[in-house]
Protein chains: 2
Amino acid sequence: MHKISVQLPQNSYNIAIASGILPQLGEQMNQLKLGKKVLLVSNPEIFNYYGEIAIKSLQNEGFEVFHHSIPAGEQSKNLESIATLYDIALQHRLERNSTLVALGGGVIGDMTGFGAATWLRGINFVQVPTTLLAMVDAAIGGKTGVNHPQGKNLIGAFYQPKLVLIDPLVLKTLPEREFKAGMAEVIKYGIIWDEKLFLELENAEKIDSFTNINPELLQTIIMRSCQAKAEVVSKDEKESNLRAILNYGHTIGHAIESLTNYDLIVHGEGVGMGMVTAGNIALALNLWTKEEGDRQHILIKKAGLPTEIPSHLKADDIINLLNNDKKVKDGKVRFILPTKIGEVVITDQVSREVLVEVLR
Amino acid sequence: MHKISVQLPQNSYNIAIASGILPQLGEQMNQLKLGKKVLLVSNPEIFNYYGEIAIKSLQNEGFEVFHHSIPAGEQSKNLESIATLYDIALQHRLERNSTLVALGGGVIGDMTGFGAATWLRGINFVQVPTTLLAMVDAAIGGKTGVNHPQGKNLIGAFYQPKLVLIDPLVLKTLPEREFKAGMAEVIKYGIIWDEKLFLELENAEKIDSFTNINPELLQTIIMRSCQAKAEVVSKDEKESNLRAILNYGHTIGHAIESLTNYDLIVHGEGVGMGMVTAGNIALALNLWTKEEGDRQHILIKKAGLPTEIPSHLKADDIINLLNNDKKVKDGKVRFILPTKIGEVVITDQVSREVLVEVLR
């Protein structure tokens, strides 16, 4: 088993990664000296696949386990679902040393984390991500929350888990489209932080599905991604500055997701398009070369991701939405732009003209 | 102006106290280098008294100020009010460096703080308490939250303000009953932490109303109370252990409030009754003397507070409710019991028999 430490001023924790590690969840949690009550939160499909393994593993270590399912998908990620989670927590009389375990993708993880952050002013929280996206991104770093009807993730808290347990084998049941979407975030780390990871992906034969990718490479790139995220988050937990680079591709990606009502385009696809767009802005501003932009473009394609923004979306609509983004500061939209493979800058100096040109 | 520092591992802040300091709110906030957008949250009555002074003071320093009122009272302290607050925050496009200012009592402070803790994963927060209870207790220490239909403060977060600004003069518009209720918390600090504060209250001629109390003494006891709370919170921000002593009188107090539907008995009155009961438990267990118990009893009476639990409440109902309290750990109710004036212990070794005896 590999352990990656997320070092924070308070509340440091480990990411445990290994193929087939899921049945060790109880054992890993037992080492943390948590209370004996556990509420496992999942969605019906994931629970069907992995719920029993997780629960048995916890019961074997003496945990008293309850279970709650939330319908899958972004449309469940709202305050109403959190209110229901509170009711369940009360019903099972969770205490301050009890633990919420999120078994699922980013939606389940974000909601469960927010529930843990705000029930009894904070109870224990453990992440067991079951999508590639959640493994390399959502489950690490303590961002939790739900959507507001008018914007994604506007409601939330920074709240760190006690443990993230990653078993790459569970990706075998992940729909292929979701696998590709997760790969967008892996590529992101290659661009913003880890050139070697980018090269590994470039050199791989195939990276577009669980079936096609080499299993060892899969574990390696998950680990490198986690390591990258852990390093960035350790340096800037609350996103004062550096952590913003993790939003590479996300500013425009969120706008695209929002304009397609979060159903035509999945998050990772939006990020892929956003990265291509950010790359084009960087090119327009002479921040990096056409060759580097092409390498990024080719890798995103290799992951089986779309690289073109849907043609029915208007540049003006995208630009207007950008101004609603959480990352707006003093009215200026901040962009994360690449300067070379493995390095980005944060800038609010992108003119509307450049944006219009690139988006058209 | 007096400043008391609340020292924390992260996010230390000051409590600024002085009679007539309210018009300096803008100046004090300006020193903190916050963003220029401010949403002032209040209730209609308090806003009517002090809203304009606060807003003018902020505008004079260049802040752009919006205002939102929430109906007064515990019945507003729920998730629906928070959802509305989110809508207002979105409407005014608050950004991550924007600030929510709570101008009001504990309910407004708790809700505004929870809103600040969870909007955009945390924006700035400033407390301007306008009740004695909020000045000496609720506004300090970072406990924020709302009620669940089945229990007080079950939903919430630890979230520290950037500043607490206390102007004792605003207490002139506080209803007398609320003044007395706040005094219960002041007496609490005398019992749990600061014998000298207890003696000041014992030696004072009158302490039962804003009109009757010596103005200098009022400022002094607010400062000593803030100092006591700041010291305790600095040592144990998240209530791992020591901070629990601040709940002296609250465990039974909450049960009494709950059984009277939060309308017959106000919080401070419940705390007063809870302290008398805790004193009686301490006496039954030979933890302190009858003389000390009597001194506490007399001082609570001197503040004009009721000392007897309403006769229609049944001991069994109170005891059953205790088991629902947030402070339950591994199924055991923890009590804070005095060992002398200025000192308490935390114990879960109070038998049901002793409870029944004392409550009957």
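Residues numbered from 1 in each chain as written. Chains lettered and ligands numbered in written order. Predicted model: local features only at pLDDT ≥ 70, side-chain atom pairs only at ≥ 80, totals over all residues. Heavy atoms only, no water.

1. Section: helix α12 (residues 315–322) of chain A
What counts is decided by this rule: When a residue's accessible area, from a 1.4 Å probe over protein chains only, is under 20% of the maximum for its type it is buried; when over 50% it is exposed; and in between it is partly exposed. Runs of E in the DSSP output that reach at least two residues are strands. Runs of H or I that reach at least four are helices, and both are numbered from the N terminus. Think of the arc as the fan of directions from the helix axis to the C-beta atoms.
Among all positions in α12 of chain A, only A315, I318, I319 and L322 of chain A are buried. Within α12 of chain A, the buried residues cover an arc of 95 degrees as seen down the axis, which keeps them to one side.

2. Here we look at a positive patch on the surface
The condition that has to hold: Residues enter a patch when their relative accessible area is above 30% and they make no salt bridge; the linking distance is 9 Å between like charges and 5 Å between nonpolar side chains (Val, Leu, Ile, Met, Phe, Trp, Tyr). Surface accessibility follows the Shrake-Rupley procedure with a 1.4 Å probe radius. Residue values consider only the protein chains on display as shielding. Salt bridge, as used here: a side-chain nitrogen of Lys or Arg that lies within 4 Å of a carboxyl oxygen of Asp or Glu. In summary, the charge assignment counts Lys and Arg as positive and Asp and Glu as negative, without counting His or the chain termini. Charge positions come from single atoms, namely NZ of Lys, CZ of Arg, CG of Asp or CD of Glu.
A cluster of basic residues, K162 and K238 of chain A together with K162 and K238 of chain B, forms a positive patch on the protein surface. Relative to the elements of secondary structure, K238 of chain A occurs in the loop between α8 (215–235) and α9 (250–259). Here K238 of chain A falls in the partly exposed class, since its relative accessible area comes to 40%.

3. Some thoughts on the interface of chain A and chain B
Heads up, the condition is: Residues count as neighbours in contact if any of their non-hydrogen atoms are within 4.5 Å of one another. We define buried area as the total accessible area lost by two parts upon association, computed with a 1.4 Å probe and summed across both. Pairs of N or O atoms within 3.5 Å make up the polar contacts considered here, provided that, within protein, one atom can donate a hydrogen while the other can accept it, and that residues adjacent in sequence are counted only when both atoms are side-chain atoms. Three classes are used: nonpolar for Ala, Val, Leu, Ile, Met, Phe, Trp, Tyr, Cys and Pro, charged for Asp, Glu, Lys and Arg, and polar for all others, with Gly counted as polar.
Listed per partner, the contact involves 36 residues of chain A and 36 residues of chain B. Approximately 3,300 Å² of surface area, both sides summed, lies buried where chain A meets chain B, with 50% of it carried by carbon and sulfur atoms. On inspection of chain A and its partner chain B, the count reaches two salt bridges. The salt bridge partner of R96 of chain B is E239 of chain A, with a shortest N-O separation of 3.2 Å. Summed over the shared surface of chain A and chain B, the result is 10 residue pairs in polar contact (both at pLDDT 80 or more). With six residues, the single largest contributor to the side of chain A that touches chain B is strand β8 (residues 151–158) of chain A. Across the side of chain A that touches chain B, the residue classes tally to 14 nonpolar, 12 polar and 10 charged.

4. Side note on the domain arrangement of chain A
Residues and elements named next belong to chain A. Here is the rule: Just so you know, the domain bounds were taken from an automatic or database domain assignment.
For chain A, the domain assignment lists domain 1 (2–173) and domain 2 (182–359). Each of domain 1 and domain 2 has a C-alpha centre, and the two are 26 Å apart. Tallying the contact residues gives 29 residues for domain 1 and 29 residues for domain 2. Interface area, domain 1 with domain 2, both sides summed: about 2,600 Å², of which 67% is carbon and sulfur. The interface formed by domain 1 and domain 2 contains three salt bridges. The partner of K229 in a salt bridge is D137, and the shortest N-O contact between them spans 2.6 Å. Counting only elements with at least two residues in the side of domain 1 that touches domain 2, the list comes to β1 (2–6), β2 (13–17), α5 (132–138) and β8. It is α5 that contributes the most residues to the side of domain 1 that touches domain 2, five residues altogether. Classifying every residue of the side of domain 1 that touches domain 2 gives 18 nonpolar, seven polar and four charged.

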